[in-house]
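Structural overview for review
In case you want the letters, here they are:
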Amino acid sequence: MSPSMLNMSTIQELRDQLPDSIVLLPGSEEYRASIKRWSDGAEKPAALVILPITERDISTTLSFVQKHGMDLAVAGGGHSTSGAASTAGGLLLDLSRLRGVTVDPEARTVTAQGGALWEDVDTALGQHGLATVGGVVNHTGIGGLTLGGGYGWLTGLYGLTIDNLLSARIVLADGRILTTSPTLHPDLFWALRGAGHNFGVVTEFTFQAHEQKNEVFAGLLGFTPDKLEQVVGFANALVADEGQGGDGRSAIYCFLAVPPGAPRGTGPTILAAVVSITTEEEARRRFAPLLELNPVMDTLAMVPYCQVNAMLNGIAVHGDRKNTKGFSFAMPLRPGLARAVLTELGTILQEEPAWVKSYVVFEFGHLGKVAAVPRGEMAFANRSRCQNGVVQIWWMDAKDDARAGEKGRHLKALITAQAEKREGKEEGGAVVYSNFVETGDRSVEELFGENLDRLRLLKAKYDPTNLFNKTHPLVSRKDAGQLV
Ligand SMILES: Cc1cc2nc3c(=O)[nH]c(=O)nc-3n(C[C@H](O)[C@H](O)[C@H](O)COP(=O)(O)OP(=O)(O)OC[C@H]3O[C@@H](n4cnc5c(N)ncnc54)[C@H](O)[C@@H]3O)c2cc1C
């Protein structure tokens, strides 16, 4: 529905009902900034944008959307590449003015508003020597990441982001404003932790925080391609139960990528992001076999934890067009498969030199804490020990959308065919992380497993008109997003 179809007097009526919100129409700089997304390919022209700062205005906006039968999109950090935070011709609820964070150092909790970014949370907690499980790129939104699960450098110690969620405030499709927790509307709280994008607008998240006074050992190591087998062998051993990182304190994410700033024509190589929540001496002992491989780049240093999640910002910059083809891999990763992926990525980049920022990442973390939580405890259904990974194809021109999609799917299929495995204990569950999957790429049966039936019942209870339908919709999909 465009503004002209909505008619200006209706829009004025809405403005009058939203005393604390900014209302934007197409044409202004502010409007253009509001519909901008991490991937240009995920942008869509909303008919109307609302930037609220109160729950009351969000509630009023949802009633307006329902009354006028409009499509609704809710934007947090804007990182989904499927267009799940955008709407073509509908109403966009942009949460970017809701970034407040308050820390209770005594209780060791942090409460962040629904539009906050991880940088806001990390910084506020860092001032008190605390930390919680957040994303490894600090400009991602806490909203989308938390509602789908949340893995980070602290997952080995404290599980998923949702395993640390204590309560959430939410505005429902019918305008009600609720606090949810294990004791308040516990069924809704169950659903929010894993399938939360389907249930409402979360205005506040309260997380458990953990003491993190000491600096941690973190940085990037670059290796020439001939070292790939050794790097993968090391990563497999590091996070195995009996490995040096089996205590959950050390992890390594292996990027196959062209190093940022490398001369034109450079092929993809290995960039290993390393974090160890230990002393430097202990970390150097754990990572000794890797350091002995003579890295060509080494930024390892002791740094405050609140800076660690900025380490990958230079690889994951905003702009251009990207797709996200998430996969999982059973351990150990076969070095020969990593080699095949590196070769294949090299071929793609030779054919398409302008796609030089594309990468594939294999994440190696200790997943004991994740797997220890029973699958029925919350909606999140992947309590496997399968590691996560992403193929991120990165291109410039909309005319290449279909081809970039095809290349991303091809690389992902190469990995999933050989490494994505479901073991006996995962029957009924999922082995893929839904936040790494673009809406429509995999079925909700695959993503939510045996939790799906209960989720659908709760959907009927809390969002019977399917207003929230953009990320892995539990019922029929009104807007498929921009899948490529
Ligand atoms: C560069 C990059 C790094 C990443 N790193 C990690 C990582 O370390 N760990 C990890 O687990 N995941 C990671 N992800 C995946 C990430 O969890 C998802 O992309 C997530 O959707 C991002 O949330 P967002 O708020 O930025 O996204 P958006 O695109 O704004 O939103 C995604 C979905 O969430 C909904 N949503 C957002 N906020 C709210 C809210 N307050 N209330 C209701 N619905 C809301 C939107 O409507 C949309 O449906 C990463 C993604 C990228 C692109």
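Residues numbered from 1 in each chain as written. Predicted model: local features only at pLDDT ≥ 70, side-chain atom pairs only at ≥ 80, totals over all residues. Heavy atoms only, no water.

To keep it simple, the criterion reads: UniProt positions are given in the numbering used here, feature names are shortened, and annotations may be inferred rather than shown by experiment.
You'll find the chain entered in an unreviewed UniProt entry as FAD binding domain protein, with Aspergillus indologenus CBS 114.80 given as the organism. Among the UniProt annotations of the chain, the heading Sequence similarities (unreviewed entry) holds the following wording: "Belongs to the oxygen-dependent FAD-linked oxidoreductase family."

Focus on the side chain of Thr-81
Formally: In this text, helices come from DSSP runs of H or I with a minimum length of four residues, and strands from runs of E with a minimum of two, each type numbered from the N-terminal end. Think of it in three bands: with a 1.4 Å probe and only protein chains considered, a residue is buried below 20% of the maximum accessible area for its type, exposed above 50%, and partly exposed in between. For this analysis, a polar contact is any N or O atom pair within 3.5 Å, provided that within protein one partner can donate a hydrogen and the other can accept it, and provided that sequence-adjacent residues contribute only side-chain to side-chain pairs.
Inspection of the secondary structure puts Thr-81 in the loop between β3 (72–75) and β4 (91–94). Of the residues examined, Thr-81 reaches a relative accessible area of 6% and is grouped as buried. Polar side-chain contacts of Thr-81 include one of 2.8 Å to the side chain of Thr-324.

A look at the packing of aromatic side chains
Operational definition: Two aromatic rings, drawn from Phe, Tyr or Trp (for Trp, its six-membered ring), form a pair once their centres lie within 6.5 Å of each other, and the interplanar angle then sorts them: stacked below 30 degrees, edge-to-face above 60, tilted otherwise.
By the definition in use, this model includes 15 aromatic pairs. Aromatic pair Phe-329 and Phe-362: ring centres 5.4 Å apart, planes at 75 degrees, arrangement edge-to-face. You can see Phe-329 sitting in strand β17 (residues 321–329) and its partner Phe-362 sitting in strand β18 (residues 359–364), a full 33 residues away along the chain. Accessibility classification places Phe-329 together with Phe-362 in one group, the buried group.

Observations regarding the packing of helix α2 (residues 8–17) against helix α4 (residues 55–67)
Two packed helices can be described by the angle between their axes and the distance between those axes. What counts here: To get an axis, fit a line to the C-alpha atoms, keeping to the stretch in contact for a helix; angles then go from 0 to 180 degrees between the N-to-C directions. Should an angle fall under 35 degrees it is called roughly parallel, over 145 degrees roughly antiparallel, and 65 to 115 degrees roughly perpendicular, with every other angle called oblique. Put simply, a crossing is left-handed when the front helix is turned counterclockwise from the back one by less than a right angle, and right-handed when it is turned clockwise. The contact criterion used throughout is that any non-hydrogen atoms of two residues lie within 4.5 Å. Polar here means any residue other than Ala, Val, Leu, Ile, Met, Phe, Trp, Tyr, Cys and Pro, which are nonpolar, and Asp, Glu, Lys and Arg, which are charged; Gly is therefore polar.
Close contact between α2 and α4 brings their axes to 10 Å; oriented N to C, the two are set at 155 degrees. Taken together, the axes of α2 and α4 are roughly antiparallel relative to one another. Viewed along their axes, α2 and α4 form a crossing whose handedness is right-handed. Contacts from Thr-10, Glu-13, Leu-14 and Gln-17 in α2 reach Asp-57, Thr-60, Phe-64 and Lys-67 in α4. Residues that form the contact of α2 with α4 fall into these classes: two nonpolar, three polar and three charged.

Points about the site of the ligand
The condition that has to hold: Proximity is defined per residue: if any heavy atom of the residue lies within 4 Å of a molecule or strand, that residue is considered near it. Using a 1.4 Å probe, accessible areas were evaluated by the Shrake-Rupley method; residue-level cover was limited to the displayed protein chains.
Within the structure, the ligand sits among 32 residues, and Val-74, Gly-78, Tyr-151, Tyr-433 and Thr-471 are positioned closest to it. Within the backbone of Ser-80, one N or O atom sits 2.9 Å away from an oxygen atom of the ligand. Relative to its unbound accessible area of 950 Å², the ligand is 95% covered by the protein chains. Those elements that place two or more of their residues in the shell around the ligand are β3, α6 (142–148) and β10 (201–208). For the shell around the ligand, the element with the most residues is α6, which contributes four residues. Here the residues of the shell around the ligand are counted per class, giving 16 nonpolar, 16 polar and no charged.

What to know about the UniProt feature "domain: FAD-binding PCMH-type" (unreviewed entry) in the chain
Those residues carrying the UniProt feature "domain: FAD-binding PCMH-type" (unreviewed entry) are residues 41–212 in this numbering. A distance of 38 Å separates the end C-alpha atoms of residues 41–212, which is 25% helix and 26% strand.

Looking at the pairing of β4
Test applied: Note: two strands are recorded as paired if DSSP finds a minimum of 2 bridges between them.
Across the two faces of β4 the burial is the same, with Leu-91 and Leu-93 and Leu-92 and Asp-94 all buried. Here four bridges tie β3 to β4, and the two strands are oriented parallel to one another. When the sheet's bridge partners are listed, Leu-72 is paired in β4 with Leu-91.

Looking at the confidence of the model for the chain
Applicable threshold: Known as pLDDT, the predictor's confidence for each residue is given on a scale from 0 to 100.
Per-chain confidence: the chain averages 95 in pLDDT, with 97% of residues scoring 70 or above. The secondary-structure element of the chain with the lowest mean pLDDT is helix α1 (residues 3–6), recorded at 61, while β10 shows the highest, at 99. Under a pLDDT of 50 for its full length, residues 478–484 has, in the predicted model, 30 contacts with residues more than four places off or in other chains.

Let's talk about the nonpolar core
So the rule is basically this: The term nonpolar core refers to a set of buried residues drawn from Ala, Val, Leu, Ile, Met, Phe, Trp, Tyr and Cys, joined through side-chain atoms within 4.5 Å. Here the limits of each domain have been adopted from an automatic or database domain assignment.
If you look at the biggest cluster of nonpolar residues, it comprises 81 residues, and the most contacted ones within it are Trp-153, Phe-199, Phe-255, Leu-312 and Leu-455. Among the elements that make up this core, the one with the highest residue count is helix α8 (residues 186–195) (six residues). Here this core gathers at least three residues from each of two domains, domain 2 (101–212) and domain 3 (217–436). Those residues within four positions of Trp-153 in sequence are excluded, and the remaining contacts are Gly-134, Val-136, Ala-251, Ile-252, Tyr-253, Ala-273, Val-275, Tyr-305, Val-308, Asn-309, Met-311 and Leu-312. Core analysis: the second largest hydrophobic core is formed by 44 residues, Leu-238, Leu-291, Val-360 and Ile-393 among them.

Quick look at the layout of surface pockets
How we decide: Every definition here rests on a 1 Å grid over the protein atoms only: cavities are sets of points where a 1.4 Å probe fits but cannot get out, pockets are open sets enclosed by protein on both sides within 12 Å along at least five of seven lines, and lining residues have some atom within 4 Å of a point. Grid points are joined across faces, edges and corners, and a volume is the space filled by probe spheres set on the points.
Taken as a whole, the largest pocket encloses approximately 400 Å³ of empty space. Lining the largest pocket are 22 residues, and of these Ala-33, Ser-34, Lys-36, Asp-94 and Ser-96 lie nearest its centre. Elements with a minimum of two residues in the lining of the largest pocket: β1 (22–24) and α3 (29–35). Top contributing element to the lining of the largest pocket by residue count: α3, with three residues.

Looking at the pattern of salt bridges
The condition is simple: Whenever a carboxyl oxygen of Asp or Glu lies within 4 Å of a side-chain nitrogen of Lys or Arg, that contact is scored as a salt bridge.
Taken as a whole and judged by the stated rule, the model has 31 salt bridges. For Glu-282, the salt bridge is made with Arg-285, and the minimal N-O distance between the two is 2.9 Å. Here the residue Glu-282 and the residue Arg-285 both occupy positions in helix α10 (residues 280–286), the gap between them amounting to three residues, near one helical turn. According to the relative accessible area criterion, Glu-282 is partly exposed, its value standing at 21%. We note a salt bridge from Glu-351 to Lys-407, for which the minimum N-O separation is 3.3 Å.

Quick word on the environment of Gly-245
Positionally, Gly-245 belongs in the loop between α9 (228–239) and β13 (250–257). Ignoring sequence-local partners within four residues, the contact set of Gly-245 consists of Leu-238, Ser-250, Arg-286 and His-366.

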